[in-house]
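The residues making up each chain are set out below.
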Amino acid sequence: LKGAVILIGNHPSYLDPAIMATAMLPRKIRFVTSRDFFRTRTTRFILNQLGAIPKMQFRTDTQAIKAILRTIRDNGAVAIYPEGQRSPDGCLQPIDPSIAKLIKKAVCPVVLVMEQGAYMAWPRWSKSLRPGCIRVQIRCLFTDGEIRQLTAESIQHRIVQAMAYQEPVAQKHSRSRYRSLSPALGLDRICHQCPACGRELAMRSDRKTITCRFCGNRGQVGLTGLIEPCLAPGQQKTGHFRVWEDVASWHRWQIARLKNQMSDPAFCRRYPAVLTFPDEAADGPALQGTLEMTARHLSFYKGQEEQLMQEPEIRIPLENRSGISASFGRYFDIAYQDRVYRFTIDPGQAVIILADIIRASGD
């Protein structure tokens, strides 16, 4: 394709921009990138040199939209990841309808770049690359003529259908191997709830295993990235001994249990937290307090949990939110009324619970 083009792709891994850029050589691409990566001087310099377009995640960013449309008018190529974040479990995340509206406004060809294997090569919960096979398929999803004829709703429907992926499920069939000395390390940032005893924030991972600290339920992760039951030395197998075979199935089970609990009007999760403001001065205030999450609101109170009778420092509605920008195991960012709030949670493992509450609230 010559001239203006929008590229969209699934987003299972840190590797995705490099894979897309290589697959589309010699075409030069401007990537729409989370504004979070522009906060440090070194990465900001590199991204500016590459022509990346900064965008606030999970909210309308008029400056980013203007930059995208300006690039299209100049016959350039823009790459967008409609999920807005790397997938925590290797499956398609919710896609905001604003992507379809942007495509309808731009009226240029749209190319779909789909990967298989990138999540297994570098899952979001892992700090290390795992060399192995990655397959890439590229095709034209929309011509400019089709875009003129379709409604934004029809465009959205076709994007969701075309992008549907479940990498761990496909891995069960392919059994490809991804080399790693620590295939399980970090898995507990996503898979926190024990399938045997049902307790939250129960699982702990080391290099090759993930274990419940309450009941001893244990799984082992091999080079395929799949999980198998594993007895600890001297442990007797019982009927309560079980794990999910893959991250996606485990995460889906956790979300289903959470949704069921959220139907209770008294549903609530509370954790000690530190509130900071990452887009503001480095010496700005860090507020110690308690984060409270219900099915409808996120609230932050100064002080400890026993002081929650006071009015919250901030209350953010969760309605119409599809996700949050998160560093699983550490903190998450949420934008509200032109300000970005960063909550560092104790324990950091609870970040996945809060992200899943927000996702479930939007379903």
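Up top is the structure these notes are about.
Below is a summary of the structure that appears in this document.

Rules used in this analysis
Residues numbered from 1 in each chain as written. Predicted model: local features only at pLDDT ≥ 70, side-chain atom pairs only at ≥ 80, totals over all residues. Heavy atoms only, no water. 1 Å grid on protein atoms, 1.4 Å probe; cavity = no way out; pocket = protein on both sides within 12 Å on 5 of 7 lines; lining within 4 Å. Points joined across faces, edges and corners; volume = space filled by probe spheres on them. Helix = DSSP H or I, 4+ residues; strand = E, 2+ residues; numbered from the N terminus. Pairing = 2+ DSSP bridges. Core = buried A, V, L, I, M, F, W, Y, C linked by side-chain atoms within 4.5 Å. Buried < 20%, exposed > 50% of the residue type's maximum accessible area, 1.4 Å probe, protein only. Contact = heavy atoms within 4.5 Å.

Things to note about the layout of surface pockets
Inference 1: Computed from the structure, the second largest pocket encloses a volume of approximately 260 Å³.
Inference 2: Lining the second largest pocket we find 22 residues, and of these Met-56, Gln-57, Arg-59, Ile-334 and Ala-335 sit closest to its centre.
Inference 3: Per-element tally for the lining of the second largest pocket: the top contributor is strand β16 (residues 331-336), with four residues.

Overview of the pairing of strand β13 (residues 297-302)
Inference 1: With five bridges connecting them, strand β12 (residues 287-293) and β13 associate as antiparallel partners. Note that in β13 the partner of Thr-290 across the bridge is Tyr-301.
Inference 2: Counting the residues between successive antiparallel strands, the hairpin from β12 to β13 contains three residues.

Re the nonpolar core
Inference 1: Within the largest apolar cluster, 57 residues are counted, with the highest numbers of intra-cluster contacts made by Leu-291, Phe-332, Tyr-341, Phe-343, Ile-345 and Ile-357.
Inference 2: Among the elements that make up this core, the one with the highest residue count is helix α10 (residues 351-362) (eight residues).
Inference 3: Not counting residues up to four positions away in its chain, the partners in contact with Ile-357 are Leu-258, Met-262, Phe-267, Arg-269, Met-293, Thr-294 and Leu-318.
Inference 4: Counting residues in hydrophobic clusters, the runner-up holds 31 residues, among them Ile-72, Ile-95, Leu-112 and Ala-162.

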